[in-house]
Amino acid sequence: MNEITRRQAIKTAAFAGAALTAAPTLFAQTNPAPITAAPAASGPFTLPKLPYAYDALEPHIDARTMEIHHDKHHAAYVANLNKAVAEFPDFASKSIEDMLKDLNAVPEKIRTAVRNNGGGHYNHSLFWQMMKPGGGEPKAEFAAAIEQNFGSVAGFKTKFTEAASKIFGSGWAWLTLDGKELKIETTPNQDTPLSAGRQVLLGLDVWEHAYYLKFQNKRADYITAWWNVVNWDFAAERHAKLKT
Ligand code: MN3
């Protein structure tokens, strides 16, 4: 191999290497979320896989936001939750639901960490399932329950939107189940209605990390877009299963 050919070969190899490095980011836009997306976080809790591709909710929720939200933010809650419970092996075998249902039973040293990171893990695990490509409208029994509690589905959407819009700073808007009754409520930070004895049927993350890349400060536009990807069937299944 002469010198010029050799240099050319090195250049070509370097270029090919660069292209390979860039490839996963490009393909991540269209392929399902890789199972190994989470940083290695040892402990009892694991990051659930997104139930659809990062770009599945486009154009309403953008792929880049979904990727960062799931792979970075949710993964960080899982890692920090594992870190917190590592010191308390007996306690660490509890389910996340049991921990959040009774925060007073959580060792005081890690109570805030479990409330924030455990809440973050629980809320986001449900949030991914509360959305789906194509969205739709509530059906049958669940639609009837919404009508009974809020007058109409449109009336429910208006009230929920208003509640989500008014949250000061970071938090969540929820449709919750309180016995048989449906309620709209909000929580700050990663607090979850489960800690107050209510089951969530539907939730909307209004932390800026959920919408800032695409919508910047325009939370109202994000909420409007979100209604197009609501997984009503998931909420209906929870309603049927959890109502008492
Ligand atoms: Mn979030």
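To be clear, the structure that these remarks concern was listed above.
Along each chain, numbering runs from 1 in the same order as the chain's sequence is written. The predicted nature of this model means local features are confined to residues of pLDDT at least 70 and side-chain atom pairs, given and counted, to a pLDDT of 80 or more, with totals for whole chains, interfaces and linings taken over all residues.

### Here's the deal with the packing of helix H2 (residues 63-85) against helix H5 (residues 108-129)
In a pair of packed helices, the angle between the axes and the distance between the axes together describe the arrangement.
Next, step 1: It is at 8 Å that the axes of H2 and H5 come closest, and there the two elements cross at 140°. When the axes of H2 and H5 are compared, the pair comes out oblique. Handedness of the H2/H5 crossing: left-handed. In this structure, H2 contributes His70, His74, Tyr77, Val78, Asn80, Leu81, Ala84 and Val85 to the contact, and H5 contributes Ile110, Ala113, Val114, Asn117, Gly118, Gly120, His121, His124 and Trp128. Axis lines are fitted to C-alpha atoms, over the contacting stretch for helices. Their N-to-C directions set the angle, which ranges from 0 to 180 degrees. Only DSSP runs of H or I reaching four residues or more are called helices, and only runs of E reaching two or more are called strands; each is numbered from the N terminus. Orientation categories follow fixed angle ranges, with anything under 35 degrees roughly parallel, anything over 145 roughly antiparallel, 65 to 115 roughly perpendicular, and all other angles oblique. In this scheme the handedness of a crossing depends on how the near helix is turned from the far one: anticlockwise by less than a right angle means left-handed, clockwise means right-handed. We call two residues in contact if the C-beta atoms placed from their backbones are at most 7 Å apart.

### Notes on unusual backbone geometry
Next, step 1: With omega at 0°, the peptide bond leading from Glu58 into Pro59 counts as cis.
Next, step 2: Phi is positive for Ala140, close to 45°, though the residue is something other than glycine.
Next, step 3: Relative to the helices and strands, Ala140 is located in helix H6 (residues 140-150).
Next, step 4: With a phi close to 50°, Gln216 is a non-glycine residue in the positive phi region.
Next, step 5: Its place among the elements puts Gln216 in the loop between helix H8 (212-215) and helix H9 (219-226).

### Topic: H2
Each α-helix turn comprises 3.6 residues. Residues three or four places apart therefore point the same way.
Next, step 1: What a helix should span is 1.5 Å times the count of its residues minus one. The end-to-end C-alpha distance of H2, which contains 23 residues, comes to 32 Å, matching closely the 33 Å that a straight helix rising 1.5 Å per residue would cover.
Next, step 2: Two axes enter the definition of the bend at a residue: one is fitted to the seven residues ending there, the other to the seven starting there, and the bend is the angle between them. In H2, a bend of some 30° at His69 exceeds every other bend along the element.
Next, step 3: Of the surrounding secondary structure, the elements contacted by the buried residues of H2 are helix H3 (89-92) and H5.

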